[in-house]
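Fold and contact review
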Amino acid sequence: MSVTALLGCLYGDEGKAKIVDYLSSDMDVIVRFQGGSNAGHTIHFNKKKFVLHLIPCGIFHPGKICVLSSGVVIDPFQLESEMEALREQSVNFEGRFFIDERAAIVLPIHKILDEKNENLNENKKIGTTKRGIGPCYADNVSRIAIRIHDLKSKDILKNKLEHIYRFHDLRDSIDFKEIDNQVLKLYDFGQKYKHYFINFPYVIQKYMNDNKKILFEGAQGSLLDIYFGTYPYVTSSHTISGGIASAVGFSPKRIDQIIGIFKSYFTRVGEGPFPTELNDKIGKKIQKQGNEFGSTTGRPRRCGWFDAVTARYSAMINGVDTAVITLLDVLSGFDTIKICVAYDANGTIYREFPADSAVLYNYSPVYLEMPGWKEDISLCKHWHELPKNAQKYVDMIEELINIPVKIISVGPSREQTITR
Ligand code: IMP
Ligand code: MG
């Protein structure tokens, strides 16, 4: 199969980066299609830990082409510091890293607005990463954004930048010198990297026609999708498979397989409903064993049991063909493991994920309980080496989400991956 989409099916941080890295050796082209530097992809390379926010994780594989498509919002200075860090590790990406000219640019004003919007209502914070993501996407759909192709002209940049400040009623808060300063920085960035900028729909068409192996790498999880996630506690882009074609520029008929990543338990960072959240010793234990702290903001992630209602919804809206279960090793050492199979609201049972996510606050999980396992499984290399109860747990998830589980991850390194 030559065109693969790899998506985090929960609230992000499903361990996508490791699986992208694992699959990348088999690919020719790796494409990020949404999000921006709100993502934090942790990868272990040369015995060092790396966190990439924008550049696809495939970059660590020599010779692979990596692209940021039009659906990604680009913070030029974050990108530059990431490129610098890669060069320091002698990762050479000249001639194999590209950006679609249509991508919108995250500006300093977007970060200011992100912060400001969050402070408008103390009780209704989204808990964003404050990377300016929402305001940048909002400017894009308001048709005023600065896009990569604008970087070629100081005049265009100045006009557009002034317009953006006026649009947000902030023209008086910034002086001419500062506008000129931002224009110059953007222009210099454009001049320095103009050989990276491409008209990607034509290029990807050619890759597809040449049967190149292409991997679309999701950033935020499906339940943070702007339409189908727990609105308004979502990110501002389409994170689900349906968003890929429109964020890249090709026919949706050309995606051959969709791989969904599910973590063996749930986490969420930022605000929003989370029916299986554990505010107790068990939640703390998962957080500690899974090192569940945000790689972009350092915030502790909220932890809870696997919610099969949510996972099944996610598998459905994405059309997942095969599933990956990650971080199974984190669940070692529990007497009992629970899986949510339905929601109970005052005696009424619900088996569907609701459109109005606010009702989730009133749902209590109906749990199925399974015996845990004590063994450390992080060195298991084959399915048959896993303790019986760990196998049963994976089989149960497979049955509940009704998708075959083909890969199981039991640790951060490439070797800690079980296929079946
Ligand atoms: P934003 O994407 O910064 O606007 O944040 C919106 C919501 O998405 C917040 O709850 C963030 O914590 C969450 N979010 C954004 N990016 C990620 C990610 O890469 N992993 C997990 N949560 C994320
Ligand atoms: Mg992350």
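What counts, and at which threshold
- Residues numbered from 1 in each chain as written.
- Chains lettered and ligands numbered in written order.
- Predicted model: local features only at pLDDT ≥ 70, side-chain atom pairs only at ≥ 80, totals over all residues.
- Heavy atoms only, no water.
- Helix = DSSP H or I, 4+ residues; strand = E, 2+ residues; numbered from the N terminus.
- Rg over C-alpha atoms; globule rule 2.2 N^0.38 Å.
- Buried < 20%, exposed > 50% of the residue type's maximum accessible area, 1.4 Å probe, protein only.
- Contact = heavy atoms within 4.5 Å.
- Areas by Shrake-Rupley, 256 points an atom, 1.4 Å probe, with all protein chains shown as cover.
- Lys, Arg positive; Asp, Glu negative; His and termini not counted.
- Charge placed at Lys NZ, Arg CZ, Asp CG, Glu CD.
- Donors = N, O, S within 2.8 Å, 3.2 Å for Na, K, Ca; no water.
- Domains from an automatic or database assignment.
- Buried area = accessible area lost by both parts, 1.4 Å probe.
- Salt bridge = Lys/Arg side-chain N within 4 Å of Asp/Glu carboxyl O.
- Polar contact = N/O pair within 3.5 Å; in protein donor to acceptor, adjacent residues only side chain to side chain.
- Near = heavy atom within 4 Å.

**Topic: the overall build of the protein**
Of the regular secondary structure elements, the protein holds 11 helices and 20 strands. What you see for the protein is a C-alpha radius of gyration of 22 Å, in line with the 22 Å of a compact globule of 420 residues. Taken along the three principal axes of its C-alpha coordinates, the protein extends 65 × 50 × 40 Å. For the protein, the residues scored as buried account for 57% of the 420 residues in total. Sequence-distant contacts in the protein: of pairs separated by 6 or more residues, those separated by 24 or more amount to 74%. Carbon together with sulfur atoms contributes 51% to the accessible area of the protein, which is approximately 18100 Å² in total. Of the side chains in the protein, 52 bear a positive and 50 a negative charge, and the two mean positions are spaced by 2 Å.

**Here's the deal with the coordination of the magnesium ion (ligand 2)**
With distances of 2.1 to 2.6 Å, the protein atoms coordinating the magnesium ion (ligand 2) are Asp13 (OD) and Gly40 (O). Of this pair, Asp13 sits in the loop between β1 (3-8) and α1 (16-24) while Gly40 is found in the loop between β2 (29-32) and β3 (41-45), placing the two residues 27 residues apart along the sequence. Assessed through its relative accessible area of 15%, Gly40 is described here as buried.

**Focus on the domain arrangement of the protein**
As assigned here, the protein comprises domain 1 (2-101 + 197-258), domain 2 (108-193) and domain 3 (263-419). Contacts between domain 1 and domain 2 engage 26 residues on the former and 20 residues on the latter. Of the roughly 1900 Å² buried between domain 1 and domain 2, counting both surfaces, carbon and sulfur atoms make up 67%. On the surface where domain 1 and domain 2 come into contact, there are 2 salt bridges. With its nearest N and O atoms 2.9 Å apart, the salt bridge here joins Lys192 to Glu80. Across the domain 1-domain 2 interface, the total number found is 7 residue pairs in polar contact (both at pLDDT 80 or more). The biggest single contributor to the side of domain 1 that touches domain 2 is helix α2 (residues 76-88), with 6 residues.

**Re the site of ligand 1**
Asn38, Thr129, Thr235, Val269 and Arg299 are the nearest of the 16 residues found near ligand 1. In this structure, a nitrogen atom belonging to ligand 1 sits 3.2 Å away from a side-chain N or O atom of Asp13. A distance of 3.3 Å separates an oxygen atom of ligand 1 from a polar atom in the backbone of Gly127. Coverage of ligand 1 by the protein amounts to 96% of the 470 Å² it exposes when considered alone.

**Describing the side chain of Gln34**
Residue placement: Gln34 occurs in the loop between β2 and β3. Look at Gln34 and you get buried, because its relative accessible area is 1%. A polar contact of 3.0 Å, which involves the side chain of Gln34, links it to the side chain of Gln220. Looking at Gln34, its side chain comes within polar contact range of the side chain of Ser237, at 2.9 Å. If sequence neighbours within four positions are ignored, Gln34 has contacts with Gly71, Val72, Tyr137, Gly218, Ala219, Gln220, Ser237, His238 and Thr239.

**Side note on helix α4 (residues 133-141)**
By the burial criterion, the buried members of α4 are Ile133, Pro135, Cys136, Tyr137 and Asp139. Residues of α4 that are buried in the fold lie against β6 (73-74), β8 (104-105), α3 (108-120) and α5 (154-167). Once α4 ends, the next one or two residues include Arg143, with phi positive near 65°.

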